[in-house]
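# An overview of the molecular structure
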Amino acid sequence: MGAFQQLTRGDKIVGVAGIVLFIGMIAFPWYHIGVPAITVEGHTISGGASYDANVMKGPGSFFSIVAFIVLIALLAEFAVRRFTSVQLPSLPISWGAAELYAALAVLVLLVIKILFHIGNFGWGFYADLLLAVVLAYGAVTMGRGPAVSQVPAAGPRHSSVQ
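Not measured: the values here are computed from a predicted model. All chains use their own residue numbering, which begins from 1 and follows the written sequence. Owing to the predicted nature of the model, reporting of local features is limited to residues with pLDDT of at least 70; listing and counting of side-chain atom pairs is limited to 80 or more, with chain, interface and lining totals taken over all residues. Computation of side-chain values: all heavy atoms of the structure, hydrogens and water removed.

### Comments concerning the nonpolar core
One finds Leu 21, Met 25, Trp 30, Leu 71, Leu 110 and Leu 135 to be the most contacted residues of the largest nonpolar core, which totals 32 residues. The biggest single contributor to this core is helix H5 (residues 123–149), with nine residues. In what follows, residue pairs with any heavy atoms lying within 4.5 Å of each other are defined as contacts. Residue contacts for Leu 71: discarding those within four places in its chain leaves Gly 18, Leu 21, Phe 22, Met 25, Val 106 and Leu 135. The criterion is simple. A nonpolar core is a set of buried Ala, Val, Leu, Ile, Met, Phe, Trp, Tyr and Cys residues joined through side-chain atoms within 4.5 Å. Under the scheme applied here, a residue whose accessible area is under 20% of the maximum for its type counts as buried, over 50% as exposed, and between as partly exposed, the area being computed with a 1.4 Å probe on protein chains only. We count a stretch as a helix when DSSP gives it H or I for four or more residues in a row; a strand needs E for two or more, and each element gets its number in order from the N terminus.

Structure below.
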């Protein structure tokens, strides 16, 4: 339990939002189409059917699949860096910046998917987009936290120059 207590607020936001978004992209209904039943003089003519689809289906599904893959990579890297002692290879940018770019990529890819088909959105559409925004916010918060509050191990140094 000690590893969870050492997580920053941004880490917790990214972890929770990322896991719930992962589940939401698979299980929440992004699209919902419903046909109401029509009753005329006591006889039901047609309808009463509905169709739900997750984010992986429908127009622009390529972008949502890429967003899902980026989200998996982000969550895997997040878990490895925080909960194991594995040394990840160095990148031309910091791992914190890579996490931020990955979270922003998930959000942007989901927004691009919206442009392919506007309408017939289910409640999962709103939940997934809200979670993607929270994920990006958490990544921004996570990137700001340690750099702002980090104090050298020996404490603050005082200048002797007068």
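### Considering the packing of aromatic side chains
Stacked, tilted and edge-to-face are the three classes assigned to paired rings of Phe, Tyr and Trp, where Trp is represented by its six-membered ring and a pair needs centres within 6.5 Å; plane angles under 30 degrees give stacked, over 60 edge-to-face, the rest tilted. The full count for this structure, using the stated rule, is eight aromatic pairs. An angle of 15° between the planes, with centres 6.1 Å apart, marks the rings of Tyr 31 and Phe 121 as stacked. Pair noted here: Tyr 31 is in strand E1 (residues 31–35) and Phe 121 is in the loop between helix H4 (95–116) and H5, with a separation of 90 residues, a long-range link. When sorted by exposure, Tyr 31 lands in the same class as Phe 121, which is buried. Ring centres of Phe 121 and Phe 125 lie 3.8 Å apart, and the angle between their planes is 10°; this geometry places the pair in the stacked category. In terms of burial, Phe 121 and Phe 125 fall into one category: buried. Site record: aromatic cluster; members linked through ring pairs are Trp 30, Tyr 31, Phe 121, Phe 125 and Tyr 126.

### Remarks on the pattern of salt bridges
The term salt bridge refers to a side-chain nitrogen of Lys or Arg lying within 4 Å of a carboxyl oxygen of Asp or Glu. Tallied over the entire structure, the rule returns four salt bridges. Measuring nitrogen to oxygen at the nearest pair gives 3.2 Å for the salt bridge that ties Asp 11 to Arg 82. Note that Asp 11 is positioned in helix H2 (residues 9–27) and Arg 82 in helix H3 (residues 61–83), a separation of 71 residues in sequence. Note on accessibility: Asp 11 and Arg 82 belong to one class, buried.

### Brief notes about the packing of H2 against H3
Viewed as axis vectors pointing N to C, H2 and H3 meet at an angle of 145°, and their least axial separation amounts to 10 Å. Classified by chirality, the crossing of H3 by H2 is left-handed. Contacts between H2 and H3 involve Asp 11, Val 14, Gly 15, Gly 18, Ile 19, Leu 21, Phe 22, Met 25 and Ile 26 from the first element and Ser 64, Ala 67, Phe 68, Leu 71, Ile 72, Leu 75, Phe 78 and Arg 82 from the second. Just so you know the grouping, Ala, Val, Leu, Ile, Met, Phe, Trp, Tyr, Cys and Pro go in nonpolar, Asp, Glu, Lys and Arg go in charged, and all remaining residues, Gly too, go in polar. Counted by class, the contact of H2 with H3 contains twelve nonpolar, three polar and two charged residues. Here the axes come from fitting lines to C-alpha atoms, over the contacting stretch only for helices, and the angles between their N-to-C directions go from 0 to 180 degrees. Put simply, a crossing is left-handed when the front helix is turned counterclockwise from the back one by less than a right angle, and right-handed when it is turned clockwise.

### With respect to the packing of H3 against H4
Here H3 crosses H4 at 160°, and the two axes come no closer than 8 Å. It follows that H3 is roughly antiparallel to H4 by the angle criterion. Judged by the sense of rotation from one axis to the other, the crossing of H3 with H4 is left-handed. On H4, the residues that touch Ser 61, Phe 63, Ser 64, Val 66, Ala 67, Val 70, Leu 71, Leu 74, Glu 77, Phe 78, Arg 81 and Arg 82 of H3 are Trp 95, Gly 96, Glu 99, Ala 102, Ala 103, Ala 105, Val 106, Leu 109, Leu 110, Ile 112, Lys 113 and Phe 116. Residue composition of the contact of H3 with H4, grouped by class: 16 nonpolar, three polar and five charged. An angle counts as roughly parallel when it lies under 35 degrees, as roughly antiparallel when it exceeds 145, as roughly perpendicular when it falls between 65 and 115, and as oblique in every other case.

### Overview of H4
Here, expected helix span is obtained from the residue count minus one, scaled by 1.5 Å. Given a rise of 1.5 Å per residue, 22 residues ought to cover 32 Å, and the 32 Å separating the end C-alpha atoms of H4 matches this to within 8%. Every buried residue belonging to H4 is among Ala 97, Glu 99, Ala 102, Ala 103, Val 106, Leu 107, Leu 109, Leu 110, Lys 113 and Ile 114, and all of these are buried.

### A few points about a nonpolar patch on the surface
Patches in this entry comprise residues that are over 30% relatively accessible and not in a salt bridge; like charges within 9 Å are linked, as are nonpolar side chains (Val, Leu, Ile, Met, Phe, Trp, Tyr) within 5 Å. To be clear on the numbers: accessible area is Shrake-Rupley with a 1.4 Å probe, and residue cover counts the displayed protein chains and nothing else. There is a patch of nonpolar side chains on the surface, built from Leu 91, Ile 93, Tyr 101 and Leu 104 and spanning about 340 Å² of accessible area. Mapped onto the secondary structure, Tyr 101 falls in helix H4. Judged by its relative accessible area of 49%, Tyr 101 falls in the partly exposed class.

### Thoughts on the environment of Phe 121
The spatial distance from the C-alpha of Phe 121 to the C-alpha of Ile 33 is 8.0 Å, given a sequence separation of 88 residues. Leaving out residues up to four positions away in the same chain, Phe 121 has contacts with Trp 30, Tyr 31, His 32, Ile 114 and Tyr 126.

### Structural notes on the confidence of the model for the protein
Scored by pLDDT, the protein has a mean of 84; 86% of the residues are at 70 or more. pLDDT measures how confident the predictor is about each residue, on a scale from 0 to 100. In this model residues 146–162 is a low-confidence stretch, pLDDT under 50, and it forms one contact with partners more than four residues away in sequence or in other chains.

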